[in-house]
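Residues per chain are reported as follows:
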Amino acid sequence: MTPLIKEILRLPPDSREVTIRGWVRTKRELKNITFLEVNDGSCMAGIQCAFALSPDGGCGENQKTLAAISTGASVEVLGKLVPSPASGQPVEVAASSAALVGEAPGTADDAAGGPSYPLQKKRHSMEFLREIPHLRPRTNTFGAVARVRSRVAFAVHEFFQERGYQYIHTPIITASDAEGAGSMFQVTTLDLAALARSGGEVDYSKDFFGKKTGLTVSGQLEAETYAAALSRVYTFGPTFRAENSNTTRHLAEFWMIEPETAFTRLEGNMDLAEDFLKFIFDKALNECGAELEFFDAHIQKGIIETLRQVVESRFSRISYTDAIKELEKAGTAGASFEFKPYWGCDLQSEHEKYLTGTAAKGPVIVADYPAEIKAFYMKQNDDGKTVRAMDVLVPRLGEIIGGSEREENLGRLESRMRELGMNCADYGWYLDLRRFGTVPHSGFGLGFERLIQYITGMANIRDVIPFPRAAGQAGF
Ligand code: 4AD
Ligand code: MG
């Protein structure tokens, strides 16, 4: 394999022969010299390839090839690595030959009246780019997002592996609704058209798995089984939610990281969440410097400073009850909320923004929520009203992490499930964890796309996942 542009840019300009392979970002033609800027996606920067043309217009083959090359073309350039006279780039290629690897866009097709390359050198709107998910990774923005995603995914594994956590693969097809929120996509091989015609009841015993199944909304319950055996585990996989929420922070298919820790209560879980986010931001700052500079300059001013501050800060911690008091006080003092805060309400994104932006000016961990607005498995507090839940909220985005200490007491868990009308028999395996060798344990879920949104400053979650799936949107 020839070296990547990222590697070539680090070499000294010692006139060594190099081969550059990539896609042309720009072509600039001066009188006696033509410049191609070639990018291979290995790093933010491209490499400049300079073709000196002879004054009499000679240079034969090269000139013919160069004439056929335009933005978006795939090329192979041979030349010598020399110091660059241009500022901002230490080296460039004094090119001796260029070859078109594939057919040039905008030339052959255009002559025949066909389409021209959609990504000409200009700013494109995110909406436009969302319509061409197969070409948008060739832009600076989406290339940078992809590299940050890749490096941060690696950092997730580094963090947990260094701390004795085992990576567990939980199922994608499942028979249990982990969050009890009823937002599961159904998985079936039943003939829906025939069922509709028959008008009868659906018999799930005839379905592929012999019962009703769906795509997982969370790997937590299965992760708990392994935490009750291996002590520290985490999952990192795709998660699906059929919520019809058309917002800038919801996807129907997203990736979630879920650690589960035995012998750990809520406070330890909060510490883990805080350490984890700081570790990830620190890695992004150190390993994705060029990308973050790009996002800071073009997407969200001040993003680097914000991440640095979070790494150095101590996250505020507040109970749900105190958070509501604070919001009510703010309401009386003139803050205008569309949804009036009251004890028992789910925090709305405007409330989260107030708590993190105006009040704490940084991340906030809210704990001990009313049981009614949280899932069945959370540990009940002695007050009979609240559960040991925690959400980590960050400025700009709101909830980035949701987690809890789990109810480890069999009797209390069963009675909560009955209260909610759940069938305990369906969860026999989950209750067994409380029957045999039960231990206090806690965990949380971090939405990977929300994390990438926070790091890059990208406004819409659909632009931090390669192929976004949301209500009404599943482009190829
Ligand atoms: O708060 P949630 O629903 O918690 C759980 O699923 C727990 N089982 C986690 C656990 O304790 N192991 O989701 C966790 C996180 C949210 O804080 C958010 O970051 C992300 O998952 N998330 C979404 N991200 C994108 N699109 C959606 N529709 C999301 N729903 C949740
Ligand atoms: Mg949540």
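Participant: Quick question: what am I supposed to make of the site of ligand 1 here?
Facilitator: Ligand 1 sits among 24 residues. The nearest are Glu179, Gln220, Arg241, Glu258 and Glu399. At 3.1 Å, a side-chain N or O of Glu243 approaches a nitrogen atom of ligand 1. Between Leu251 and ligand 1, the recorded distance is 2.9 Å, taken from a backbone N or O atom to a nitrogen atom. If ligand 1 stood free it would expose 630 Å²; the protein chains cover 93% of that surface.

Participant: Sorry, what's going on with empty space enclosed by the protein here?
Facilitator: Remark: the empty space left among the atoms is shown by a probe the size of a water molecule rolled over them. Under the definition given, this model contains two cavities of 30 Å³ or more. As for the largest cavity, its lining consists of Glu224, Ala228, Leu433, Arg434, Gly437, Thr438, Val439 and His441. The set of elements that each furnish at least two residues to the lining of the largest cavity consists of α7 (220-230) and α14 (428-435). Of the residues in the lining of the largest cavity, the class split is three nonpolar, three polar and two charged. Space inside the second largest cavity adds up to approximately 50 Å³. Around the second largest cavity, the lining residues are Glu243, Ser245, Asn246, His250, Leu251, Ala252, Arg462, Ala470 and Ala471. Considered class by class, the residues forming the lining of the second largest cavity number four nonpolar, three polar and two charged.

Participant: What am I meant to see in the packing of aromatic side chains here?
Facilitator: Any aromatic ring pair is given by two values, namely how distant the centres are and how the planes are angled relative to each other. Scanning the entire structure with this criterion turns up 20 aromatic pairs. Measuring from ring centre to ring centre gives 5.0 Å for Phe159 and Phe160, while their planes differ by 85°; the resulting arrangement is edge-to-face. The pair Phe159 / Phe160 is uniform in exposure class, with both members buried. Their ring planes at 75° and their centres at 4.9 Å tell us that Phe208 and Phe209 sit as a pair that is edge-to-face. Judged by its relative accessible area of 42%, Phe209 falls in the partly exposed class.

Participant: I would appreciate a short explanation of the nonpolar core in the present structure.
Facilitator: What tends to happen in soluble globular proteins is that the nonpolar side chains get buried as a cluster. Judged by nonpolar contacts, the single largest core of 62 residues is most densely connected at Ile280, Ile400, Leu451 and Ile455. For this core, the element with the highest residue contribution is helix α8 (residues 266-287), accounting for 11 residues. In this structure Leu451 touches Val152, Leu277, Ile280, Phe281, Ile400 and Leu446, once residues within four positions along its chain are discounted. Of all hydrophobic cores here, the second largest spans 33 residues; its members include Leu221, Phe337, Val364 and Ala371.

Participant: How should I be thinking about the state of the cysteines in this particular structure?
Facilitator: Disulfide: a covalent bond formed between the sulfur atoms of two cysteine residues. Counting across every chain of the model gives zero disulfides. Considering cysteine sulfurs only, Cys288 is the nearest to Cys43, which forms no disulfide, with 12 Å between them.

Participant: Can you walk me through the sheet that holds strand β3 (residues 47-52) in this structure?
Facilitator: Sheet strands pair by backbone hydrogen bonding; their relative direction is either parallel or antiparallel. One closed barrel holds the five strands; their spatial order is β1-β2-β3-β5-β4, and the pairing between them is mixed. Between one strand axis and the next, the sheet turns by 55° as a mean value, whatever way the strands run. Two strands pair when backbone bridges link them, and strand β1 (residues 17-29) and strand β2 (residues 33-39) are joined in this way by six bridges, in the antiparallel orientation. Across the sheet, Thr26 pairs through a bridge with Glu37, a residue of β2.

Participant: Just checking my understanding: could you explain the packing of helix α5 (residues 140-162) against α8 for this structure?
Facilitator: Helices that pack against each other are described as a pair by the angle of their axes relative to one another and the distance between those axes. Contact geometry for α5 and α8: axes closest at 10 Å, N-to-C directions at 135°. The angle between α5 and α8 falls in the class oblique. Crossing hand, α5 versus α8: right-handed. In this structure, α5 uses Arg151, Val152, Ala155, Val156, Glu158, Phe159, Phe160 and Glu162 to contact α8, whose residues at the interface are Leu272, Asp275, Phe276, Phe279, Ile280, Lys283, Ala284 and Glu287. A class-by-class count of the residues in the contact of α5 with α8 yields 10 nonpolar, no polar and six charged.

Participant: Would you take a moment to explain the layout of surface pockets for this structure?
Facilitator: Considered as a void within the structure, the largest pocket measures approximately 1,100 Å³ in volume. Along the walls of the largest pocket sit 43 residues, with Glu179, Arg241, Glu243, Lys374 and Glu399 positioned nearest its centre. At six residues, strand β15 (residues 398-405) tops the list of elements feeding residues into the lining of the largest pocket. What the second largest pocket holds in volume is close to 630 Å³. Around the second largest pocket, the lining is made up of 26 residues, and of these Lys122, His124, Thr139, Asn140 and Thr141 lie nearest the centre. Listing elements by their share of the lining of the second largest pocket, those giving two or more residues are β1, α4 (126-130), α5 and α9 (289-298). Sort the elements by how many residues they give to the lining of the second largest pocket and β1 lands first, with three residues. A breakdown of the residues in the lining of the second largest pocket according to their chemical character gives nine nonpolar, 11 polar and six charged.

What counts and how
Per chain, residue numbering runs from 1 following the sequence as it is written. Key to labels: chains lettered from A, ligands numbered from 1, both in the order written. Reporting of local features is limited, given that this is a predicted model, to residues whose pLDDT is at least 70; pairs of side-chain atoms are given and counted only at 80 or more, and all residues count toward the totals for whole chains, interfaces and linings. Heavy atoms from the whole structure form the basis of all side-chain values; hydrogens and water molecules are not counted. Consider each residue's heavy atoms; a residue with any of them within 4 Å of a molecule or strand counts as near. As used in this structure description, the phrase polar contact means that two N or O atoms lie within 3.5 Å; if the pair is within protein, one of them must be able to donate a hydrogen and the other to accept it, and residues adjacent in sequence are counted only when both atoms belong to side chains. The method behind every accessible area is Shrake-Rupley, applied with a 1.4 Å probe, and residues are considered shielded solely by the protein chains displayed. Detection works on a 1 Å grid of protein atoms alone, calling trapped sets that fit a 1.4 Å probe cavities and calling open sets with protein on both sides within 12 Å along at least five of seven lines pockets, with lining residues defined by an atom within 4 Å of a point. Grid points are joined across faces, edges and corners, and a volume is the space filled by probe spheres set on the points. Secondary structure elements follow DSSP: runs of H or I no shorter than four residues count as helices, runs of E no shorter than two count as strands, and numbering proceeds from the N terminus. Each residue receives one of three labels: charged for Asp, Glu, Lys and Arg, nonpolar for Ala, Val, Leu, Ile, Met, Phe, Trp, Tyr, Cys and Pro, and polar for the others, Gly being one of them. Only Phe, Tyr and Trp rings are paired, with Trp represented by its six-membered ring, and only when their centres lie within 6.5 Å; those with planes under 30 degrees apart are stacked, over 60 edge-to-face, the remainder tilted. Burial classes follow relative accessibility: with a 1.4 Å probe on protein chains only, a residue under 20% of its type's maximum area counts as buried, one over 50% as exposed, and anything between as partly exposed. Think of a nonpolar core as a cluster: buried Ala, Val, Leu, Ile, Met, Phe, Trp, Tyr and Cys residues, connected wherever their side-chain atoms sit within 4.5 Å. Every residue pair with non-hydrogen atoms within 4.5 Å of one another is taken to be in contact. In this description, the term disulfide denotes a pair of cysteine sulfurs within 2.5 Å. Pairing between strands is defined by DSSP: at least two bridges between the two strands are required. Note on method: axes are straight lines fitted to C-alpha atoms, helices fitted across the in-contact stretch only, with angles between N-to-C directions ranging 0 to 180 degrees. Throughout this description, any angle smaller than 35 degrees is read as roughly parallel, any larger than 145 degrees as roughly antiparallel, any in the 65 to 115 degree range as roughly perpendicular, and the remainder as oblique. By convention, the crossing between two helices is left-handed when the near helix turns anticlockwise from the far helix through less than a right angle, and right-handed when the turn is clockwise.

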